[in-house]
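# Secondary and tertiary structure notes
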Amino acid sequence: MGLAVRQVVCEVVAETASEELPLIEGMRYLDDSAVDRALLRRGRSREPLGFGLEMAVALVTPVLWAVLAELAKQTLSTVGEGAAPRLRSRVRGLFRRSDDPTHLQLPPLSQEQIVQVRDAVLERCTAAGVEDPRALAVADGVAARLALDALPGGGLRQDAEADGAPDQPQREQGE
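The structure presented is a predicted model; accordingly, all values stated were derived computationally and were not measured. Just so you know, the residues in each chain are numbered from 1, in the order the chain's sequence is written. Whole-chain, interface and lining totals are the exception, using all residues; otherwise, since this is a predicted model, local features are given only for residues with pLDDT of at least 70 and side-chain atom pairs are given and counted only at 80 or more. With hydrogens and water stripped out, all remaining heavy atoms of the structure feed into the side-chain values.

Let us look at the overall build of the protein chain. If you tally the helices and strands in the protein chain, you get 7 helices and 2 strands. A run of H or I in DSSP becomes a helix once it reaches four residues, and a run of E becomes a strand once it reaches two; helices and strands are each numbered from the N terminus. Along the protein chain, helices (α) and strands (β) appear in the sequence β-α-α-α-α-α-β-α-α when read from the amino end. We call two residues contacting when some pair of their heavy atoms lies within 4.5 Å. Considering only intrachain contacts with a sequence separation of at least 6, the fraction spanning at least 24 residues in the protein chain is 69%.

Let us look at helix H1 (residues 5-16). For an α-helix the count is 3.6 residues per turn, leaving residues at separations of three or four pointing the same way. Any helix carries an expected span of 1.5 Å times its number of residues minus one. For H1, built from 12 residues, the straight-helix expectation of 16 Å at 1.5 Å per residue is met to within 8% by its first-to-last C-alpha distance of 16 Å. Among the residues of H1, Val5, Arg6, Gln7, Val8, Val9, Cys10, Glu11, Val12, Val13, Ala14 and Thr16 are the ones counted as buried. Whether a residue is buried, partly exposed or exposed follows from its accessible area with a 1.4 Å probe, protein chains only, as a fraction of its type maximum: under 20%, in between, or over 50%, in that order.

Among the structural elements, Asp32 can be located in helix H3 (residues 32-40). Any pair of nitrogen or oxygen atoms within 3.5 Å is treated as a polar contact; in protein, a donor-acceptor pairing is required on top of that, and neighbouring residues in sequence qualify only through side-chain atoms on both sides. Among the polar contacts listed, one links the side chain of Asp32 to the side chain of Arg6, at a separation of 2.6 Å. Only 2.4 Å separates the side chain of Asp32 from the backbone nitrogen of Leu104, close enough to count as a polar contact.

Moving on, we come to the pattern of salt bridges. The term salt bridge refers to a side-chain nitrogen of Lys or Arg lying within 4 Å of a carboxyl oxygen of Asp or Glu. Applying the stated criterion across every chain, the model contains 8 salt bridges. Its salt-bridge partner being Arg145, residue Glu11 comes within 2.4 Å of it at the nearest N-O pair. With Glu11 in helix H1 and Arg145 in helix H7 (residues 132-150), this pair connects stretches of sequence that are 134 residues apart. Both residues of the pair, Glu11 and Arg145, count as buried.

Right, let's get into the nonpolar core. Counting residues in each nonpolar core, the largest one holds 39 residues, and the members touching the most others are Leu64, Trp65, Val117, Val121 and Leu146. If sequence neighbours within four positions are ignored, Trp65 has contacts with Val5, Arg6, Val9, Met27, Asp32, Val35, Asp36, Leu39, Leu40, Glu70 and Leu104. Residue types Ala, Val, Leu, Ile, Met, Phe, Trp, Tyr and Cys, when buried and joined through side-chain atoms within 4.5 Å, form a set referred to as a nonpolar core.

Turning our eyes to something else, we now look at the side chain of Glu11. With a relative accessible area of 4%, Glu11 lands in the buried category. A distance of 2.4 Å separates polar atoms of two side chains, one belonging to Glu11 and the other to Arg145.

Take the confidence of the model for the protein chain next. Residues with a pLDDT of 70 or more make up 62% of the protein chain, whose mean pLDDT is 75. Per-residue confidence from the predictor is reported as pLDDT, a score between 0 and 100. Here helix H5 (residues 85-95) is the element of the protein chain with the lowest mean pLDDT, 44, and helix H6 (residues 111-127) is the one with the highest, 96. Predicted confidence is poor over residues 79-101, with pLDDT under 50, and the contacts of this stretch with residues over four places away or in other chains come to 20 contacts. With pLDDT under 50 throughout, residues 157-175 is counted as low confidence; its partners more than four residues away or in other chains account for 26 contacts.

Attention shifts here to the environment of Ala135. Within the fold, Ala135 resides in helix H7. Separated by 119 residues in sequence, Ala135 and Thr16 place their C-alpha atoms 9.1 Å apart. With residues up to four places along the chain from it excluded, the contact list for Ala135 reads Leu122, Cys125, Thr126 and Val130.

The structure is reproduced here in structure tokens:
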């Protein structure tokens, strides 16, 4: 099974932009299409995000969501276009968990594809006004998370975190 877009977004935000965790928490009970509307409409207007956050700084969460959701949707669309109807429904089933059909799933990616996703995240972060050191950390974080999923066994994290938000931010040294 693929990796959920929201899981990658939540994990990378927790590691690289922990001040955005309230935004992640606001996403917890929304389905992916509602998150799409809330996060991506921000680019078209200057309204607040709808989660009670009004910030003048560039946010990482909408950028990550946009890149990864677009990848998940394009993959599903590309695979579905040339497939026979029976195969198309099987493919859709792979991208949707049976317990919650509203979660976008990322397909397993090759090393080359992971590099392309990393570059797209870096480019979009920079275009959105995210400072260079943070943009680089976010792009590297996404690549690292996707690379973990590409390992045999699907990486180190359990599906328990796939519910939409990390339980706790990463431990800080000295605690």
